[in-house]
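Here is how the chains run, residue by residue.
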Amino acid sequence: DSFEEQYYPSTCLVMEAGVRVLRRKDAPFNKLPFGRLFPRQKLFRNIKDIKTCAIVSSAGSLAGSKLGRFIDTHDIVMRFNHAPTQGHEVDVGSKTTIRVVNSQVVTKPEFDFTHAPIFRNVTIAAWDPGKYNGTLEDWLTSADYDLFTNYEIYRRRYPKSRAFLIDPHSVWRLWQSLQMFAGNRPISRNPPSSGFIGLALLLPHCPQVDFVEYVPSTRLNGRCHYYSKEMNSACTFGSWHPLAAEKLMALDMNMAEDDDMSVFQFGILRIRRPDKL
Ligand code: NCC
């Protein structure tokens, strides 16, 4: 085993899932008109210049954190779904490079995916799990929410946009990595949350990822999101997504040099990419 595999097996497991966006050359999209909607560009420009990335969870306990300035110092900032920055800059920052969005957000009219300014001028990585063991052809007709219609509208309206679809097979491979980490405690056969998918998607592009308020900090306040008043601990500890298993695995990936202080006091996990895989 390499040095990394011996010391950071969980990080390696997440890397090995190979979470990725679909490309034009991928079968069956290379033979389908739909595949020509995929951007020719890479997920990120100037990948050699990327040194640090921040992933901002949507957790309610980000409220009052004052982590905005810290978050904005990163080269790449990832956010989720329709989580706003406006009005919350002090706590969550104002920079957004990429949004990972689930297929409900792409589909449901209240989010207005094809028009809302929050989804413009940022990279989009949209995902839908489809059926476990389903083919990509199946997925096109049996996605949990039909994200394809609005994806097509969006791409035609904004041809220069960097809006990608995440390979659903890679989402299920990530689920398998999670199951492997959980060992003999079976996890529910539901896909990981956008947060964990985002981590796995970003890590291959970034030597150091700071994941903010994913493992809950001492600010824990019972709120679902920092941008709403809804109280719901299931948002933090999980109900449908295998969120608790994800967070245990992410905590196992933490490499902050100090001690547990930064994780629980500041709510920041620091995850380094194993470079010698
Ligand atoms: O709530 P959601 O997640 O948009 O949050 C994004 C990611 O932040 C992390 N999170 C969030 C809240 C919290 N208290 N603790 C956290 O750690 C999680 O990693 C989460 O993935 C999703 O994953 O896409 C999810 O989306 C929502 C919802 O569809 C969208 O917000 C749109 O309204 C789901 N909620 C429902 O379906 C009711 C949620 O289960 C998963």
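This one's a predicted model, so the numbers in the text were calculated from it and none came from an experiment.

Participant: Would you mind going over the side chain of asparagine 81 with me for this structure?
Facilitator: Looking at the element boundaries, asparagine 81 is found in the loop between β2 (76-80) and α4 (89-92). A polar side-chain atom of asparagine 81 sits 2.9 Å from the main-chain amide nitrogen of asparagine 102. Filtering out sequence-adjacent residues up to four positions away, asparagine 81 remains in contact with Arg99, Val100, Val101, Asn102, Val105, Phe119 and Ser194.

Participant: So what exactly am I meant to see when it comes to the site of the ligand here?
Facilitator: Lining the immediate environment of the ligand, one finds 20 residues, of which Asn81, Asn102, Ser194, His225 and Lys247 sit closest. Measuring from an oxygen atom of the ligand, one finds a backbone N or O atom of glycine 195 at 2.9 Å. In the environment of the ligand, a nitrogen atom lies 2.9 Å from a nitrogen or oxygen atom belonging to the backbone of cysteine 224. Looking at the shell around the ligand, the elements that each hand over two or more residues are α5 (103-107), α9 (194-202) and α10 (234-237).

Participant: Even after reading the chapter, I still don't get the packing of helix α8 (residues 168-182) against α9, so can you show me in this structure?
Facilitator: Put simply, α8 and α9 touch, their axes get as near as 11 Å, and they point 100 degrees apart. The angle between the axes of α8 and α9 places the two elements in the roughly perpendicular class. The residues of α9 that touch α8, namely those facing Val171, Leu174 and Leu178, are Phe196, Ile197 and Ala200. In terms of residue class, the contact of α8 with α9 is built from 6 nonpolar, no polar and no charged.

Participant: Can you help me understand the sheet that holds strand β5 (residues 163-165) in this one?
Facilitator: In any sheet, the strands associate via hydrogen bonds between backbone groups, in a parallel or an antiparallel arrangement. The strand order across the open sheet formed by 7 strands is β5-β4-β3-β2-β1-β6-β7, and the pairing between neighbours is mixed. In this open sheet, the two edge strands, each paired with only one partner strand, are β5 and β7 (268-272). Geometrically, the sheet is characterised by an average inter-axis angle of 20 degrees between neighbouring strands, direction not taken into account. By the bridge criterion, 3 bridges tie strand β1 (residues 52-56) to β2 in an arrangement that is parallel. Of the residues in β2, the one forming a bridge with isoleucine 55 is methionine 78. Against the sheet, α9 touches β1, β2, β3 (98-102), β4 (123-127), β6 (208-212) and β7, its axis set at about 155 degrees to β2.

Participant: Honestly, the packing of aromatic side chains in this entry has me stumped. Any pointers?
Facilitator: Note on aromatic pairs: each is described by the distance of the centres and the angle between the planes. Per the stated rule, a full pass over the model turns up 15 aromatic pairs. With centroids separated by 5.2 Å and ring planes inclined at 55 degrees, the aromatic side chains of phenylalanine 29 and phenylalanine 38 adopt a geometry described as tilted. With a relative accessible area of 2%, phenylalanine 29 lands in the buried category. Ring geometry for phenylalanine 34 versus tyrosine 151: centroids 6.1 Å apart, planes at 50 degrees, classification tilted. You can see phenylalanine 34 sitting in the loop between α2 (9-16) and β1 and its partner tyrosine 151 sitting in helix α7 (residues 147-157), a full 117 residues away along the chain. There is no split in this pair, since phenylalanine 34 and tyrosine 151 are both buried.

Participant: Would you take a moment to explain the pattern of salt bridges for this structure?
Facilitator: Where charged atoms of side chains with opposite charge meet at close range, the side chains can pair. By the definition in use, this model includes 6 salt bridges. Here arginine 20 ties to aspartate 167 by a salt bridge, and the two come within 3.1 Å at their closest N and O atoms. Remark: aspartate 167 occurs in the loop between β5 and α8 and arginine 20 occurs in the loop between α2 and β1; sequence separation between them is 147 residues. In this structure arginine 20 comes out as partly exposed when scored by relative accessible area, which is 26%. One network of salt bridges, in which partners are shared, links Arg20, Lys25, Asp26 and Asp167.

Participant: Just checking my understanding: could you explain α8 for this structure?
Facilitator: Counting along an α-helix, one turn takes 3.6 residues, and residues three or four places apart therefore face a common direction. For α8, with 15 residues, the first-to-last C-alpha span of 21 Å sits near the 21 Å given by 1.5 Å per residue. Residues of α8 that are buried sit in contact with α2, α6 (136-142), α9 and α11 (243-253). Measuring from the backbone nitrogen of histidine 169 back to the side-chain oxygen at the start of α8 gives 2.9 Å, which picks out aspartate 167 as the cap. Positive phi appears at glycine 183, one or two residues downstream of α8, with a value of about 65 degrees.

Participant: Just to check I follow, could you spell out α2 for this structure?
Facilitator: For α2, a buried count of 6 out of 8 residues is recorded, marking the element as mostly surrounded by other parts of the structure. When α2 is considered as a whole, its buried residues turn out to be Ser10, Thr11, Cys12, Leu13, Val14 and Met15. Once α2 finishes, glycine 18 follows within two positions and takes phi at roughly 60 degrees, a positive value.

Conventions and cut-offs
Residues numbered from 1 in each chain as written. Predicted model: local features only at pLDDT ≥ 70, side-chain atom pairs only at ≥ 80, totals over all residues. Heavy atoms only, no water. Helix = DSSP H or I, 4+ residues; strand = E, 2+ residues; numbered from the N terminus. Polar contact = N/O pair within 3.5 Å; in protein donor to acceptor, adjacent residues only side chain to side chain. Contact = heavy atoms within 4.5 Å. Near = heavy atom within 4 Å. Axes fitted to C-alpha atoms, helices over the stretch in contact; angles between N-to-C directions. Parallel < 35°, antiparallel > 145°, perpendicular 65-115°, else oblique. Nonpolar A, V, L, I, M, F, W, Y, C, P; charged D, E, K, R; others polar. Pairing = 2+ DSSP bridges. Phe/Tyr/Trp six-rings, centres within 6.5 Å; stacked < 30°, edge-to-face > 60°. Buried < 20%, exposed > 50% of the residue type's maximum accessible area, 1.4 Å probe, protein only. Salt bridge = Lys/Arg side-chain N within 4 Å of Asp/Glu carboxyl O. Expected span 1.5 Å × (residues − 1).

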